[in-house]
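Now for the letters of each chain:
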Amino acid sequence: VRDPFLVDYPELSEELTASDFGLADKEVKQTTLIAKYDKDCYKATAVTFGIKLSNASSSCIWFGGTDRGIRMQFIDEKHVELSYVDAAGTAKRLAAWNAEKAQVTSFAEQMIEWGVTFQLSEQPDGTNVLQLGVFVNGKLYNGSYLTVYDVETSCLKRAIVLQAKKGSIFIEEPSYKVLT
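Please read all numbers here as calculations on a predicted model, not as lab measurements. (Residues numbered from 1 in each chain as written. Predicted model: local features only at pLDDT ≥ 70, side-chain atom pairs only at ≥ 80, totals over all residues. Heavy atoms only, no water.)

1. Digging into the overall build of the protein chain
Piece 1. Along its length, the protein chain carries 0 helices and 14 strands.
Piece 2. Taken from N to C terminus, the helices and strands of the protein chain fall in the order β-β-β-β-β-β-β-β-β-β-β-β-β-β.
Piece 3. A globule of 180 residues ought to have a C-alpha radius of gyration of about 16 Å, and the protein chain, at 15 Å, matches this closely.
Piece 4. Its C-alpha atoms give the protein chain principal-axis dimensions of roughly 45 × 40 × 30 Å.
Piece 5. A total of 180 residues make up the protein chain; the buried ones form 50% of that total.
Piece 6. By element, 45% of the accessible surface of the protein chain is carried by carbon and sulfur atoms, the whole surface being about 8,300 Å².
Piece 7. Counting 19 positive and 24 negative side-chain charges, the protein chain places the averaged centre of each group 4 Å from the other. (Helix = DSSP H or I, 4+ residues; strand = E, 2+ residues; numbered from the N terminus. Rg over C-alpha atoms; globule rule 2.2 N^0.38 Å. Buried < 20%, exposed > 50% of the residue type's maximum accessible area, 1.4 Å probe, protein only. Areas by Shrake-Rupley, 256 points an atom, 1.4 Å probe, with all protein chains shown as cover. Lys, Arg positive; Asp, Glu negative; His and termini not counted. Charge placed at Lys NZ, Arg CZ, Asp CG, Glu CD.)

Structure follows, in structure tokens:
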């Protein structure tokens, strides 16, 4: 079954799911787990997985590596902050979201299907621009992609880092695949 949210985006060439990272049916409790796929970067990739947080406060999911790349930080059960963190550790806040706009009652205590799409392109001046899409239960959050300028490809290695600072993060295979 092809997921409807990416039908119009053929430039995505690969989909990775929780099992590709060895994370299917894993639970992380008050610790950090690093899962690497390979040394390439997220270039034209969709990443899909299901996440259930027992306590959303201060938990993070990183795409790219430990303390670099795209950081999805759960502030509490109703709020998520998305940032890009470069190799020097400088964070650029991209968005602040709330559960209501994501059309969920809470980001904690329920399984939520997440889809994250990366469309990275090199510009004529040698810099990189990332078109980032984040989907919650199959819907593009706020109906728009985020554009991130001056992205360092070294910060977007194909890795996921789960940081459960309080409570736990349970990750599973998504119920759908984006690219079939």
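2. Comments concerning the sheet that holds strand S3 (residues 32–41)
Piece 1. Read across the open sheet, the 6 strands follow the order S3-S13-S5-S6-S7-S8; overall the sheet is antiparallel. Pairing within the sheet leaves two strands with one partner each, and these edge strands are S3 and strand S8 (91–98). Between one strand axis and the next, the sheet turns by 15° as a mean value, whatever way the strands run.
Piece 2. Bridge count between strand S7 (residues 79–85) and S8: 7 bridges; the pairing is antiparallel. (Pairing = 2+ DSSP bridges. Axes fitted to C-alpha atoms, helices over the stretch in contact; angles between N-to-C directions.)

3. Some remarks on the pattern of salt bridges
One side chain can pair with another of opposite charge once the charged atoms of both are near each other.
Piece 1. A complete count under the given rule lists 4 salt bridges for this structure.
Piece 2. Arg-93 is the partner of Glu-81 in a salt bridge, and the nearest nitrogen-oxygen pair spans 3.5 Å. Remark: Arg-93 occurs in strand S8 and Glu-81 occurs in strand S7; sequence separation between them is 12 residues.
Piece 3. Here Glu-81 falls in the partly exposed class, since its relative accessible area comes to 22%.
Piece 4. Overall, the relative accessible area of 55% leaves Arg-93 in the exposed class.
Piece 5. Look at the salt bridges and you will find they share partners, linking Glu-14, Asp-38, Asp-40 and Arg-158 into a network. (Salt bridge = Lys/Arg side-chain N within 4 Å of Asp/Glu carboxyl O.)

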